[in-house]
Amino acid sequence: MGDRTNGSGRGREARARAAVETVPGPFKGPTSRRTYHRVRVRKTALDLALIWSVIGIFAIMAVAAVYLAASVLMPITFAIVIGLILGVAADRLGALGIPPMLTALILSTLFAMLLFFTANTLIGPLTELAGLAPAMVEAVIERILPYLEKIEWLHISRFSFTSGPVTPEALIENTGTVLTTFATHVTPAVVQGLIFFAALLLFLGSRLTIRKTLIIAFRDRARRLAAIRTINSIEQALGFYFATASLLYAVVGVAMVLISWIGGLSMPVLWGFFAFLSSFIPFLGVTAMTLALAIGGLVTHDSLFMALSPALAFFIVHMVMENLVTPAVMGRRLEINPFAVFVAIIFWTWMWGAVGAVLAVPLSLIALTIANELLPSQKIQPNLPG
């Protein structure tokens, strides 16, 4: 009994010695005893400002790096997005016993053949359109100029289009500069195309290896399961979105072919293809397409009502498809805030141009899927006043 008492006493003394540190005093003599306590330091406004300033500097440097490395990051990002979209098809081919690299070669070849077939189909109408461009521009100026002259504060007259850097004579004189600029942009585009196809082939071939590496990077089982769910959700969301959107926007393209044919516009198939492509870029695509149809109608018809009818019909069809049909087919699980999509389109268009505008929705969809998988689904809603 006494041993237990002595043992417990020694334990209390050990804990007391652990909490108290004996430090020699400044002179040779008695020692001073210093006791440590847990102190919670409250961050001041200056500390918070320092933290957020470091985060802001890091964000600015990251955006600058993405902008400066656009020529390399843009095709690689585009290849990753296409590879994630083709992930379901790669899994189906893998289930048939086809090796990953052969699967990657098959899918990459099919995608390249699709692009080549599309470009070969459009090269004829686009060449014809380029030949008619000067006459079309002149006809548009003749049609729009009377309406612009009525707006006095614009100070636009016929002299504004017959002098300056946009005259036909100036364009002919600057043909060499235009060709030089075109050549300087074509070479990087070819290099980026090669980077894209190489990245797409290698990403599809090593997709499963990259997937396993990302999952094993997490140590505990719960986080690995979360990573598996997130990767699966991203591939399913992208595949479902683009498969469904392609079918819906193909309907918009067919409707545009009929609208342009009934409206008397030339090359209705080309109008339908442009309507199909522009539908993948929310807000900006429908705006550009509507303006192009209005200009084409003004060139074709003398009546203002007949000229603007194709643009109005396309706008109505697109609005019905986007606001009624698409939400009903896709449901709410792929619903993205329109303002967030608009900001993403503006940001990525500023960063990477037309390719950035195309990638804005897939990147937003990836971010939304990650947020839905990692953030808690049920949150405590506080009772707010009002």
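Sequence order sets the numbering: in each chain, residues are counted from 1 along the sequence as written. In view of the model being predicted, local features appear only for residues whose pLDDT reaches at least 70, and side-chain atom pairs are presented and counted only at 80 or more, with totals across whole chains, interfaces and linings using the full set of residues. To obtain the side-chain values, all non-hydrogen atoms of the structure were included, while hydrogens and water were left out.

K.L.:
Which residues make up the packing of aromatic side chains, and what values do they have?
P.N.:
Each Phe, Tyr or Trp ring, with Trp reduced to its six-membered ring, pairs with another whose centre is within 6.5 Å; inter-plane angles below 30 degrees give stacked pairs, above 60 give edge-to-face pairs, and intermediate values give tilted ones. Per the counting criterion, the structure on display carries 13 aromatic pairs. Considering the side-chain rings of W348 and W352, the 5.0 Å spacing of their centres and the 50 degrees angle between planes classify their relative orientation as tilted. Of this pair, W348 and W352 both sit in helix α14 (residues 338–374), four residues apart, which is roughly one turn of the helix. Its relative accessible area of 18% is what places W348 among the buried residues. Three or more aromatic residues joined by ring pairs make a cluster, and in this case those are Y67, F347, W348, W350 and W352. Helix numbers and strand numbers start at the N terminus; a helix is a DSSP run of H or I with at least 4 residues, a strand a run of E with at least 2. To sort residues, take the accessible area from a 1.4 Å probe on protein chains only and compare it with the maximum for the residue type: under 20% means buried, over 50% means exposed, and anything in between is partly exposed.

K.L.:
Now, about a nonpolar patch on the surface: what can you tell me, with residues and values included?
P.N.:
Nonpolar side chains (Val, Leu, Ile, Met, Phe, Trp, Tyr) are joined into patches within 5 Å and like charges within 9 Å, using only residues with over 30% relative accessible area and no salt bridge. A 1.4 Å probe and the Shrake-Rupley method give the accessible areas. Residues count as covered only by the protein chains that appear here. Should a side-chain nitrogen of Lys or Arg be within 4 Å of a carboxyl oxygen of Asp or Glu, the pair is scored as a salt bridge. A cluster of nonpolar residues, F283, L284, F339, F342, V343 and I346, forms a patch on the protein surface that exposes about 530 Å² of accessible area. Per element, the largest residue contribution to the nonpolar patch is four residues, and it comes from α14. On the secondary structure map, I346 appears in helix α14. With relative accessibility at 40%, the residue I346 sits in the partly exposed group.

K.L.:
So what's going on with the nonpolar core? Which residues, and what values?
P.N.:
The biggest cluster of nonpolar side chains holds 53 residues, and the ones touching the most others in it are L238, Y241, M256, L293 and F314. For this core, the element with the most residues is α14, which contributes 12 residues. Throughout, nonpolar core names a set of buried Ala, Val, Leu, Ile, Met, Phe, Trp, Tyr and Cys residues whose side chains join them through atoms within 4.5 Å.

K.L.:
Which residues make up the side chain of S278, and what values go with them?
P.N.:
When you line up the elements, S278 lands in helix α11 (residues 268–278). Contacts are residue-level and defined by heavy atoms, with any inter-residue pair within 4.5 Å sufficient. Once you skip the residues sitting within four places of it in the chain, S278 turns out to touch G285, V286 and M289.

K.L.:
So, the pattern of salt bridges: which residues are in play, and what are the values?
P.N.:
Tallied over the full model, the rule gives three salt bridges. The partner of D91 in a salt bridge is R207, with the nearest N and O atoms 2.4 Å apart. Within this pair, whereas D91 is found in helix α4 (residues 87–95), its partner R207 is found in helix α9 (residues 207–216), the two being separated by 116 residues in sequence. Residue R207 is classed as buried on the basis of its relative accessible area of 5%. Put simply, R223 and D220 hold a salt bridge, and the shortest N to O gap is 3.6 Å. Residue D220 is classed as partly exposed on the basis of its relative accessible area, which comes to 32%. Among the charged side chains, a salt-bridge network with shared partners connects D91, R207 and E235.

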